[in-house]
Amino acid sequence: MVFILQKTLIFTIPLLIVALAGMFAERSGIINIALDGIMIFGAFIGAVVALFLRTNVSFFVDHNQLLFITCMIAAALAGALFSLLLSFSAIKFNANQTIGGTALNLLAPAIALFLIKVFTSKDQLEMGMAYDTLGGRHDFSYVITNGELPDILKIFFDKMYISTYVCIILFIILSIFIYKTKTGLRIRSCGENPQAADSVGINVYKMRYLGTSISGALAGLGGYVYIATVANGTASGAVAGMGFLALAIMIFGNWHPVGIAFGALMFGFLKCLSVVYSQFEFTKNLGLPMYFYNIIPYLAVLIVLAFSAGKSRAPKAEGIPYDKGSR
Amino acid sequence: MNKLLKSSLAALLAVSLFGCTNTSSTPSEEKKEEKTEEKTEETTTNDGEFKIAVVTDVGQLMDKGFNQGTYEGAQAYADANGIPMKYYQPANGGDATDNDRIDAMKQAIENGAEIIVTPGFLQATALEAVAKEYPDVKFVFVDGWAMGYDNITAIVYKEQESGYLAGYAAVMEGYTKLGFTGGGGGSNPAVNRFGYGFVQGADAAAKEKGVDVEVKYSYKYGETFSASTELQTQIAGWYADGTEVVFSCGGSMFQSVLSAAAEYEDARIIGVDVDQSGESSKVITSAVKGLSASVEQVLGQYYDGKWDAELANVAQNLGAAENATGLPEDTWSLTNFSLDDYKALLGKIANGEVTPDANVPDDANNGDWLTNFEKVKVVFE
């Protein structure tokens, strides 16, 4: 039981942070369908930085968690930069945001895979053995283990990654930011009624750039956290559709952090269950094929969206390029 | 607009749904859309022709295992003799089809290849087509069989012997809860022989020691020998459940097993095909086969002009007697099962005193054929 809860939490974190990323963009009025692509790009850059630092700077091999945080920051920066492609085309040139996002989704895996293949002759970028300052050999792993704790604490503190805490704290801070601060209010107003926002002197373009860049940073971060914690620490030009799942969670969560947190937990659990079902007597005895469990999370997305679509309240101005003249 | 958004979103979701369910074993759905052109790289630069070629099947070249071992053998010979060589990975990576492989082989021939090393039993169809069309080009079919063409020679290994030694060593070392995760979805005979041998070896050692051994056995993930989230989580579940050693049988799958093992201090791994102890301190031993050595040897025979006499339409079945199967001795790390114990057992296998059964079903993806063991309980997943 502890195992599945631990794994649920680990699967939940990237979904949580990437769904929040989607919320930031859409609340500012930009549809960020490129979450998946930005995740891939962030993951790729994070992995490149990790590989570089591990092989060239033995200080980081001694301080694994510092390395992880450095890579998370690098991934977030890369994600923010990459998302500028979207915000630039959507805000500056009033391009269709769905198409712009799709372009990014196609671009990211192509860039990542191409570079990985060119430089390593592999399909994926792996972290190998590295040497610390004393010359000791170290496997690649960010995990923090605390095997001695009682079960209930184990869920949160054993076999855990520092990214979990970073992401939860970020999630809380940013949720407060968008609801309780002046800038947050301005971002939200640009997603609801940019004309009105503009009329009181808010720079709609700036707010939309801000929203999308925060979104890109979070998605890039989420991408790296995803590969570092659940995908073998390897960048392979794919994140198994986690970005789209996050997008669905955002809609399911009604563009609200609490809903997103709930949705992410649910899908994290289902995604986890699809892999570990055979570890439990009950699900094992049902004798259903593994494909059934693999389908569940995605099927759940479709069903949940179908039912919640009527009630969902998207930001009113999302997807509509802001035109000063139409005020 | 909203309607348009919703429908396009639904379409994207459907695409990702399809992708994810369809390729549960491949972590990268996007790879499909990636029309990755075959990647070529020159190892020996020469403005002439690349006379030796290596064409992989589905796995990536640098998989730290099967393909890499083969490649290194060819490279060693090419470098030593100054013969230009080049490798080719068929398009579409893990989803490469026979046509992709045919294209890759033909490209190799266009680039001047006179002998092509093709590792992997999946090559059969492509190999037959190309070999028929180009009777002057020689082919080395690693993990294959004689196909009735004089320009094909096959090398096949007694993987069951390496697996047997690994299983025996693990149990003798004191481990009683083992795991086996194999690539190829149960249809790769080499992987199946490794697995079958592993269980037999564990059983033999368990009988000797009088202990009960449990082996978790799975082909569920890694159909294309790639690492995946699913595989990592599955193996982490095994370790959480008390499994002590997992035999990671398939190139890049090692990465997943390693990530899972990283979360458990006592978790150990057995590598495959080549000595993988350099990858992690958690690797206790590796069930190896002499890929590099035998590829090098075959290339040598070819260039010495012995093809027709010794290799044409011949399948060499290499095992411990030919020094082609076993565990790596240079990096020996087991303590309860010493190197001398190992050598004694290896000698018995080599002289035929111990002969692990190699009779595996074509489709091994079920637990039915793994039942007749006295002391080993196979839990099939």
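Residues numbered from 1 in each chain as written. Chains lettered and ligands numbered in written order. Predicted model: local features only at pLDDT ≥ 70, side-chain atom pairs only at ≥ 80, totals over all residues.

Comments concerning the overall build of chain B
Operational definition: Put simply, DSSP marks the helices as runs of H or I at least four residues long and the strands as runs of E at least two long, and each gets a number from the N terminus on. Counting other C-beta atoms within 10 Å of its own, a residue is labelled buried from 20 upward, exposed at 12 or fewer, and partly exposed in the gap between, with every C-beta atom placed from the backbone. Each residue gets a C-beta atom placed from its backbone, and two residues are in contact if those atoms lie within 7 Å.
Along chain B, the regular secondary structure elements total 12 helices and 14 strands. Taking all 381 residues of chain B together, the buried fraction comes to 59%. Sequence-distant contacts in chain B: of pairs separated by 6 or more residues, those separated by 24 or more amount to 73%.

Regarding the overall build of chain A
Threshold: Atoms counted for the radius of gyration: C-alpha only. Globule rule: 2.2 Å times the number of residues to the power 0.38.
A count of helical and extended segments in chain A gives 14 helices and 2 strands. The C-alpha atoms of chain A give 20 Å as radius of gyration, which agrees with the globular expectation for 327 residues (20 Å, within 12%). Viewed in the frame of its principal axes, chain A has a C-alpha envelope of about 65 × 50 × 35 Å. Burial status across chain A gives 54% buried among its 327 residues.

Considerations on helix 14 (residues 290-308) of chain A
Residue and element names in this part refer to chain A. The cut-off we apply is this: Expected span of a helix, by definition, is 1.5 Å for each gap between consecutive residues, and there is one gap fewer than residues. To obtain the bend at a residue, axes are fitted to the seven residues ending there and to the seven starting there, and the angle between these axes is taken.
When the terminal C-alpha atoms of helix 14 are compared, their 28 Å separation across 19 residues agrees well with the 27 Å that a helix rising 1.5 Å per residue should span. Of all bends in helix 14, the biggest is about 40 degrees, found at Ile 296, and the proline Pro 297 comes one to four residues later. For helix 14, the complete set of buried residues consists of Tyr 293, Asn 294, Pro 297, Tyr 298 and Val 301.

As for the domain arrangement of chain B
It is common to give the size of an interface as the accessible area that goes away when the parts come together. Residues and elements named next belong to chain B. Here is the rule: In this entry, domain limits derive from an automatic or database-based domain assignment. We call Asp, Glu, Lys and Arg charged. Ala, Val, Leu, Ile, Met, Phe, Trp, Tyr, Cys and Pro are nonpolar, and the rest, Gly among them, are polar.
Here the domain parsing of chain B yields domain 1 (3-157 + 291-321) and domain 2 (159-289 + 326-380). The interface is formed by 22 residues belonging to domain 1 together with 28 residues belonging to domain 2. Of the residues forming the side of domain 1 that touches domain 2, the biggest block, 4 residues, is contributed by helix 3 (residues 66-81). Its residues assigned to classes, the side of domain 1 that touches domain 2 shows 8 nonpolar, 11 polar and 3 charged.

What about the sheet that holds strand 8 (residues 213-218) of chain B?
Residues and elements named next belong to chain B. Threshold: Two strands are said to pair when DSSP picks up at least two bridges between them. Between the N-to-C directions of two axes lies an angle of 0 to 180 degrees, each axis being a line fitted to C-alpha atoms and, for a helix, fitted only over the stretch in contact.
Spatial strand order, 13-11-10-9-7-8-14: 7 strands in an open sheet with mixed pairing. Two strands bound the open sheet, and with one partner strand each, they are strand 13 (325-326) and strand 14 (376-380). Each of strand 7 (177-182), strand 8, strand 9 (245-249), strand 10 (268-273), strand 11 (283-289) and strand 13 is contacted by helix 6 (residues 159-173), which is oriented at about 160 degrees to strand 11, the strand it contacts most.

Describing the environment of Val 258 of chain A
Residues and elements named next belong to chain A. Its place among the elements puts Val 258 in helix 12 (residues 257-276). The class for Val 258 is exposed, based on 10 C-beta atoms found within 10 Å. Placed 86 residues apart in sequence, Val 258 and Ile 172 show a C-alpha to C-alpha distance of 10.0 Å.

Here we look at the packing of helix 11 (residues 242-252) of chain A against helix 12 of chain A
Residues and elements named next belong to chain A. Under the convention used in this document: By definition in this entry, angles of less than 35 degrees are roughly parallel, angles greater than 145 are roughly antiparallel, angles of 65 to 115 are roughly perpendicular, and the rest are oblique. If you view the pair so one helix is near and one far, a crossing is left-handed when the near helix is turned anticlockwise from the far one by less than a right angle, and right-handed when it is turned clockwise.
The N-to-C vectors of helix 11 and helix 12 enclose an angle of 135 degrees; their axes lie 8 Å apart at closest approach. The pairing of helix 11 with helix 12 is recorded here as oblique in orientation. Between helix 11 and helix 12 the crossing geometry is right-handed. Contacts between helix 11 and helix 12 involve Leu 245, Ile 249, Met 250 and Phe 252 on the former and, on the latter, Gly 259, Ile 260, Gly 263, Ala 264 and Phe 267.

Thoughts on the nonpolar core
What counts, and what does not: The nonpolar core criterion groups buried Ala, Val, Leu, Ile, Met, Phe, Trp, Tyr and Cys residues into a set whenever they are joined through C-beta atoms within 7 Å.
Ranked by internal contacts, the top residues of the largest apolar core, which has 216 residues, are Ile 17 of chain A together with Ala 202 of chain B. For this core, the two domains that each supply at least three residues are domain 1 (3-157 + 291-321) and domain 2 (159-289 + 326-380) of chain B. If near-sequence neighbours (up to four positions away) are discounted, Ala 202 of chain B is found in contact with Gly 167, Tyr 168, Ala 170, Val 171, Leu 178, Val 213, Val 215 and Val 376 of chain B.

What to know about the pairing of strand 6 (residues 152-157) of chain B
Residue and element names in this part refer to chain B. Burial of strand 6 is extensive: 6 of the 6 residues sit out of reach of the surface. In this structure, strand 5 (residues 138-142) lies alongside strand 6, joined through 4 bridges in parallel fashion. Counted as the bridge partner of Phe 141 is Ala 154 from strand 6. In this structure, strand 6 lies alongside strand 12 (residues 315-318), joined through 4 bridges in parallel fashion. The partner of Val 156 across the bridge, within strand 12, is Asn 317.

Digging into unusual backbone geometry
All names here are of chain B. Positioned with a positive phi, Asp 273 is a non-glycine residue whose angle comes to about 70 degrees. In this fold, Asp 273 is placed in strand 10. We classify Asp 273 as buried; it has 28 C-beta atoms within 10 Å.

Brief notes about the environment of Glu 322 of chain B
All names here are of chain B. If you trace the backbone, Glu 322 turns up in the loop between strand 12 and strand 13. Here Glu 322 falls in the partly exposed class, since 16 other C-beta atoms lie within 10 Å of it. Separated by 219 residues in sequence, Glu 322 and Asp 103 place their C-alpha atoms 34 Å apart.

A closer look at the confidence of the model for chain B
Residues and elements named next belong to chain B. What counts, and what does not: pLDDT expresses how confident the predictor is about each individual residue, on a scale running from 0 to 100.
Averaged over all residues, the pLDDT of chain B equals 84, while 87% of them reach at least 70. No element of chain B has a lower mean pLDDT than helix 2 (residues 30-33), at 36, and none a higher one than strand 9, at 95. Ignoring residues within four places in sequence, the model shows residues 12-46, a span with pLDDT below 50, making 88 contacts including any to other chains. Confidence metrics for the complex model read pTM 0.83 and ipTM 0.84.

Quick notes on helix 2 (residues 35-56) of chain A
Because an α-helix completes one turn every 3.6 residues, residues spaced three or four positions apart along the sequence face the same direction. Under the 1.5 Å per step criterion, the end-to-end length of helix 2 of chain A is 31 Å for 22 residues, consistent within 8% with the ideal 32 Å. Among the 22 residues of helix 2 of chain A, 18 are classified as buried, and the element is accordingly described as predominantly covered.

Describing the environment of Ala 205 of chain B
Residue and element names in this part refer to chain B. With respect to the helices and strands, Ala 205 occurs in helix 7 (residues 189-209). In this structure the C-alpha to C-alpha distance between Ala 205 and Ala 190, which are 15 residues apart in sequence, comes to 23 Å. Excluding residues within four positions of it along the chain, Ala 205 makes contact with Tyr 168, Val 171 and Met 172.

What about the confidence of the model for chain A?
A low pLDDT score tells you not to read the predicted coordinates there in detail. Confidence in the prediction for chain A averages 89 pLDDT; 100% of positions are at 70 or higher. Ranking the helices and strands of chain A by mean pLDDT puts helix 7 (residues 162-180) of chain A first, with 95, and helix 13 (residues 281-286) of chain A last, with 75.

A look at the packing of helix 2 of chain A against helix 11 of chain A
Residues and elements named next belong to chain A. Where helix 2 meets helix 11, the axes come as close as 7 Å, and the angle between the chain directions of the two elements is 135 degrees. The pairing of helix 2 with helix 11 is recorded here as oblique in orientation. Helix 11 is crossed by helix 2, and the crossing has right-handed handedness. The segment helix 2 lies against helix 11, with Leu 35, Asp 36 and Met 39 engaging Met 242, Gly 243, Phe 244, Ala 246 and Leu 247. Taken together, the residues that form the contact of helix 2 with helix 11 break down as 6 nonpolar, 1 polar and 1 charged.

Observations regarding the pairing of strand 8 of chain B
Residue and element names in this part refer to chain B. Convention followed: With strands facing away from the observer, any crossover in which the path from the first strand over the helix to the second runs clockwise is taken as right-handed.
The element strand 8 is extensively covered by neighbouring structure, given that 5 of its 6 residues are classed as buried. Bridging between strand 7 and strand 8 involves 5 bridges; their strand directions are parallel. Note that in strand 8 the partner of Leu 178 across the bridge is Val 215. In this region the chain leaves strand 7, passes through helix 7 and returns to the parallel neighbour strand 8; the handedness of that crossover is right-handed. As defined by bridge partners, strand 8 adjoins strand 14 across 5 bridges and the pair is classed as parallel. Paired with Lys 216 across the strands is Val 379, a residue of strand 14.

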